[in-house]
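Structural overview for review
The primary structure of each chain is shown beneath.
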Amino acid sequence: MGLKHRYRRINKITSEWNLTKIHPLITTYKIPNDFFEDFKTYIKLYISKALKIEFDKNDKLFVKSIDEARKNRINITPNGAVVPKREFQLEYNLILRSWCDLFRQITVNNPRLLKLFRITPNIRIKFGKELKDNLNRKLSTSYPHSDAWLEGPWGMNCFIPLFGDTKKNNLRYHVPKSKFSESFLKRSPTYKNMQWVTKYYRTLNKLIPKPGLVYISDYATIHNSFRKNNCGTRVSVDTTIIVGNHLPNKDRIKEYTPKIPFIGIDEFIEAGQSEIDKPAEKMSTYSHYASKVLKTIKF
């Protein structure tokens, strides 16, 4: 189908969902200020439980506490994702409830365009200095990558920088040059194996994602965590959605739902593991770190 179909999808959701397109493959949604502040509060409550630190409404002071707890890695993956555990699954469900409400706002004018909604967003801490066990990991998000390499070619990324040093520590986008091939989006067990793709891409150096905006990008873009010298820590949320008549790889389908749920009202997500448990293994190379253990409890 090539880039033309991908351009049409971005144009379609931009028009139908009243978004702001910033590139033929990237569009954005402005989160209402009050909602964004509440959402940050839920994220901070969750992180404070996971890192055993004090909650603080002040972003700078809270990030300082995060940095001081850097070595407390029991609930943090090498890539900086905060893993839900039973000890703080209530706080996790507050995030999920707000996340679902956010996407109901985004898609309100035409919810049918959202084919599949992912209920496991990544709450991610990217420390100013990379964690040692993530250096040279073949699935490190510091490598320019497309989620297509794990999920299949037809999803869209969603990224929200929340707080911290989002000027020097952020996501960097890369888009196709004149040539594009679907082979750029083939399945791969590692990001490192696909770095040959980058020679066909150019970097959007002037695009620095801003807090309070949802960045929705087609999988034909590639992106990576990017740190400038002497940067600080940042906190962000990232996930994926499916638009149009497409499906992710079978290893990922469990993470999606055809309708946006009412978490906290109709159902509850049970973490499925405790802090004292041995970390759950992924179902496969291509699956999410929490999909094997998370359970949905219907009310």
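Predicted model only: the values in this text are computed from it and were never measured. (Residues numbered from 1 in each chain as written. Predicted model: local features only at pLDDT ≥ 70, side-chain atom pairs only at ≥ 80, totals over all residues. Heavy atoms only, no water.)

1. Describing the pairing of strand E8 (residues 213-218)
Selection criterion: Burial classification: accessible surface area is computed with a 1.4 Å probe over protein chains only, and a residue below 20% of its type maximum counts as buried, one above 50% as exposed, and the rest as partly exposed. Here a strand is any run of E in DSSP of at least two residues, a helix any run of H or I of at least four, and the numbering for each starts at the N terminus. Only strands joined by at least two bridges in the DSSP assignment are considered to pair.
Across the 6 residues that make up E8, a large majority, 6, are buried. Of the two faces of E8, the one lined by Leu213, Tyr215 and Ser217 and the one lined by Val214, Ile216 and Asp218 are each fully buried. As judged from the 5 bridges shared by strand E2 (residues 26-30) and E8, these two strands associate in the antiparallel manner. In the sheet register, Tyr29 faces E8, and the bridge partner there is Val214. Bridge count between strand E5 (residues 155-164) and E8: 4 bridges; the pairing is antiparallel. Following the sheet pairing, Met156 is matched in E8 by Asp218.

2. Observations concerning helix H1 (residues 2-16)
To keep things clear, this is the line we draw: What a helix is expected to span follows from its residue count: subtract one and scale by 1.5 Å.
With 15 residues, H1 extends 22 Å between its outermost C-alpha atoms, agreeing within 8% with the 21 Å of an ideal straight helix rising 1.5 Å per residue. Of the positions making up H1, those classed as buried are Leu3, His5, Arg6, Arg9, Ile10, Ile13 and Thr14. Asn18 lies just past H1 and shows a positive phi near 60°.

3. Describing the packing of helix H2 (residues 33-51) against helix H4 (residues 89-106)
Threshold: Axis angles are defined between N-to-C directions and span 0 to 180 degrees, where every axis is a line fitted to C-alpha atoms and, for a helix, only to the segment in contact. Roughly parallel refers to an angle under 35 degrees, roughly antiparallel to one over 145, roughly perpendicular to one between 65 and 115, and oblique to any angle outside these ranges. Rotating anticlockwise by less than a right angle from the far helix to the near helix defines a left-handed crossing, while the corresponding clockwise rotation defines a right-handed one. Contacts between residues were defined by any pair of non-hydrogen atoms, one from each residue, lying within 4.5 Å. Gly is placed with the polar residues, together with every amino acid not listed as nonpolar (Ala, Val, Leu, Ile, Met, Phe, Trp, Tyr, Cys and Pro) or charged (Asp, Glu, Lys and Arg).
Running from N to C, H2 and H4 cross one another at 155°; their axes reach a closest spacing of 8 Å. Relative to H4, the element H2 is oriented roughly antiparallel. In this structure, the crossing between H2 and H4 has a hand that is left-handed. Residue-level inspection shows Phe35, Phe39, Tyr42, Ile43, Leu45, Tyr46 and Lys49 of H2 in contact with H4, the latter providing Glu91, Tyr92, Leu94, Ile95, Arg97, Ser98, Trp99, Asp101, Leu102 and Gln105. Each residue belonging to the contact of H2 with H4 can be placed in one class, and the counts come to 11 nonpolar, 2 polar and 4 charged.

4. What about the packing of aromatic side chains?
The way to describe two aromatic rings as a pair is by their centre distance and the angle between their planes. Note the cut-off: Each Phe, Tyr or Trp ring (for Trp, its six-membered ring) is paired with any other whose centre lies within 6.5 Å, and the angle between the two planes then decides the class: stacked below 30 degrees, edge-to-face above 60, tilted in between. The rule for a charge over a ring is simple: NZ of Lys or CZ of Arg within 6 Å of the ring centre, and within 35 degrees of the ring normal.
By the definition in use, this model includes 12 aromatic pairs. Seen from their ring centres, Phe184 and Tyr201 are 6.1 Å apart, and the 55° between their planes marks the pair as tilted. Placement of the pair is Phe184 in the loop between strand E6 (169-176) and strand E7 (201-203) and Tyr201 in strand E7, with a sequence separation of 17 residues. For the residue pair Phe184 and Tyr201, the accessibility class agrees, reading buried in each case. Each residue in the set Phe180, Phe184, Trp196, Tyr200 and Tyr201 is aromatic and connected to the rest through ring pairs, giving one cluster. Note that Arg104 overlies the ring of Phe262, its terminal NZ or CZ placed 3.8 Å from the centroid. Sitting over the face of the ring of Phe226, Arg172 holds its NZ or CZ atom 3.7 Å from the ring centroid.

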